[in-house]
Structures are given as C-alpha cells and as structure tokens.
Amino acid sequence: MKGIVFDIKEFALNDGNGIRTTIFMKGCPLRCIWCHNPEGLSPQKQLFVKKKGCLNCGLCKKPCEHEDCKAFGRCLHVCPCNLISIAGVEWESDALAAKLLKQKDVFNALNGGVTISGGEPLMQWEFTAEILKALKGNIHTTIETCGFASTKAFETVINLCDFVFMDIKLFDRELHKKYTGVENDIILKNARILMESGIPHTFRIPLIPGITDTAENLGAISEFVGEEKVELLPYNNLAGAKYESVGLQFTDKIELQDKNNAVLQHFKNATLRK
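Treat the numbers as computed from the prediction; the structure is a model and nothing was measured.

Break down the overall build of the protein for me, citing the residues and quoting the values.
When helices and strands are tallied, the protein shows 8 helices and 10 strands. Taken over the C-alpha trace, the protein has a radius of gyration of 20 Å; the compact-globule value for 274 residues is 19 Å, and the two agree within 12%. Referenced to the eigenvectors of the C-alpha coordinate spread, the extents of the protein come out at roughly 60 × 45 × 35 Å. Residues classed as buried in the protein amount to 47% of the 274 residues present. A fraction of 70% describes how many contacts in the protein between residues 6 or more apart in sequence connect residues 24 or more apart. Looking at the protein as shown, the accessible area adds up to about 14,000 Å², and 51% of this sits on carbon and sulfur atoms. Each charge sign in the protein was given a centre, from 33 positive and 33 negative side chains, and these centres are 5 Å apart.

Spelled out as structure tokens, the structure:
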C-alpha cells in the first residue's frame, strides 16, 4: 500500500519516550491558524521553495525536460543554491516498515521507538495501520493525532499502537470551528473512546495565546478529561516561517502574552494533571 510522507526525522526527542524516528504523514483535515507545518496540510506532493538565499537568477523557471519536473512547471534540479525540493515522498508501506525495522536494536537499547505524526496520520489511516502492523511486537509505536477521523479509522489505528498522543485544542464547538476550520464533535467522541480503551495515552493542549490558553478553555478541557494525563505545549512563535515556501500565506494574528500569565500558571500547576 502506498502513502505520502513529507519528512522522516531520526533521533527525535520530543515525540515519545527515548530516542525515536518520527514519520510525518502528508495531509491534515484541520486548518489551525497556528499550524507550523504547512507542508503537511495538503495530502498531495507539492513544490517547496526556500526563499532565503535565493539569487533570483531565474534558472529554475526556464523550461526543462526532466520528467519529475513537468508536474510542477519549473526545474527542480538547476538551482545553484539547492533551494527547491518536493514536500512529499511516496512510500510503499512494506518498504517503510522494513527501513524502520532495521533500527530495532537501537530503539530497544535506548528505550525508544517509532512515532507516526503529521499532518494527520489518520488521513492515511490504512497506510498507517499497515506500518503499525509490521512493527507491532518488534518496535514501540506511538501516534500523534488530532482525533478528527472516523470511528473505524481511529479505533483501528490506536489499537495497533503502544502509546497515543491526542490533541484537544478547544472544547467549545464554535471556537474550534473558528480557529481550526472544523467542529470538534468527532474529536471529543474519539477522545472518549481513547479514555475507555485502556491504551496508554496523553492528551495535549497547544497553548495559543488568547485562544486555547484561556481559563474557560482549560477549565472545560480539565473537566472533560478528569484525571487523564495532560501535556501543555508551548506556542511556536516561528509558526509562519515556512508558509511562503509552499505558496501559502500565514494569516495568524496571535499576539504573544506574558509567559507568567497568572491564569495559565494556575491551570498548569493545579487544574491540569501531569
């Protein structure tokens, strides 16, 4: 089975226990205004052009006969600064699994494993499931998901994982739609499924100033998850850095607030369980 991956990060330290390899799947059903991986939004391969260092020589825009360039309307190989690439590589699930299995001894020695992230890996859930099946029992596996997927896709994938990270960004339905582009009914339903599954997991809340870090939102999520483990993720103030490279515009108007915000500290230290 084929799938599209936009990055493979080895020796990752923040995507689960130990030293890990993180697979970033292409495509996401959400459009969070703070997203810092715009190359993961589209499920298709796309042109990625770094702007910094460009000589404006125009060589890349001249006609070429390379087969792999024709779909993108410019030459991918001629840039003297090597600033042009394609975001998205097609993999066969068995080939990717075989690559990861070669690292089995390293993962086991360092208490690590494989994390499948995105984008949103459940947009390619059958491909993701095939990889997890091949790794099961050999390598510790983790998934990072927003939970916006059918019950079938969600249950199939989490039941193949050793650990699950799941985002709950906003509890209010309308605010969720305003800031992510979709309502959160499916997400909360899948969160309940995860809580009842017995599968080790942690819920994550990205702390977006003035949007997700409010007393109302953190309090509502805290009440919903109860004693479940929660991790608070700091806002990445470089979120917009890559948008121009994939032909998108970063429209986020987030204003950073004081890191010692009293409301945030209250919920970080007391209300939300670690």
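Go over the pattern of salt bridges, please, and point to the residues and values.
If you walk through the whole model with that rule in mind, you get 11 salt bridges. Between Lys-177 and Glu-183 there is a salt bridge, with the nearest N and O atoms lying 3.9 Å from each other. When salt bridges with common partners are traced through the structure, they connect Arg-173, Glu-174, Lys-177, Glu-183 and Asp-185 into a single cluster.

Lay out the nonpolar core with the relevant residues and their values.
Core analysis: the biggest nonpolar cluster contains 41 residues, and Val-114, Val-164, Met-166, Ile-168 and Phe-203 have the highest contact counts within it. In contact with Phe-203, other than residues within four places in its own chain, are Met-166, Ile-168, Ala-191, Leu-194, Met-195, Val-225, Glu-228, Lys-229, Val-230 and Glu-231. Listed in part, the 14 residues of the second largest apolar core include Cys-32, Leu-41, Ile-208 and Tyr-235.

Explain helix α3 (residues 125–135) to me, and be specific about the residues and the numbers.
The complete set of buried residues in α3 reads Phe-127, Thr-128, Ala-129, Ile-131, Leu-132 and Leu-135. Positive backbone phi, at 85°, marks Gly-137, one or two positions downstream of α3.

How would you summarise unusual backbone geometry if you had to cite specific residues and measurements?
Comment: phi is negative for the bulk of residues other than glycine, and the bulk of peptide bonds are trans. A cis amide bond, omega 15°, links Gly-118 with the succeeding residue Gly-119. Considering the arrangement of structural elements, one finds Gly-119 in the loop between β6 (113–117) and α3. Phi is positive for Asn-111, which is not a glycine, with a value near 55°. Structurally, Asn-111 is set in the loop between α2 (104–109) and β6.

Which residues make up helix α5 (residues 173–180), and what are the values?
For α5, the complete set of buried residues consists of His-176, Tyr-179 and Thr-180. An end-on view of α5 places all buried positions within 85° of arc, on one side of the element. One side-chain oxygen at the N-terminal end of α5 lies 3.1 Å from the backbone nitrogen of Glu-174; it belongs to Asp-172. Just downstream of α5 lies Gly-181, where phi reads positive at about 90°.

Parameters at a glance
- Residues numbered from 1 in each chain as written.
- Predicted model: local features only at pLDDT ≥ 70, side-chain atom pairs only at ≥ 80, totals over all residues.
- Heavy atoms only, no water.
- Helix = DSSP H or I, 4+ residues; strand = E, 2+ residues; numbered from the N terminus.
- Rg over C-alpha atoms; globule rule 2.2 N^0.38 Å.
- Buried < 20%, exposed > 50% of the residue type's maximum accessible area, 1.4 Å probe, protein only.
- Contact = heavy atoms within 4.5 Å.
- Areas by Shrake-Rupley, 256 points an atom, 1.4 Å probe, with all protein chains shown as cover.
- Lys, Arg positive; Asp, Glu negative; His and termini not counted.
- Charge placed at Lys NZ, Arg CZ, Asp CG, Glu CD.
- Salt bridge = Lys/Arg side-chain N within 4 Å of Asp/Glu carboxyl O.
- Core = buried A, V, L, I, M, F, W, Y, C linked by side-chain atoms within 4.5 Å.
- Arc of directions from axis to C-beta.
- Polar contact = N/O pair within 3.5 Å; in protein donor to acceptor, adjacent residues only side chain to side chain.

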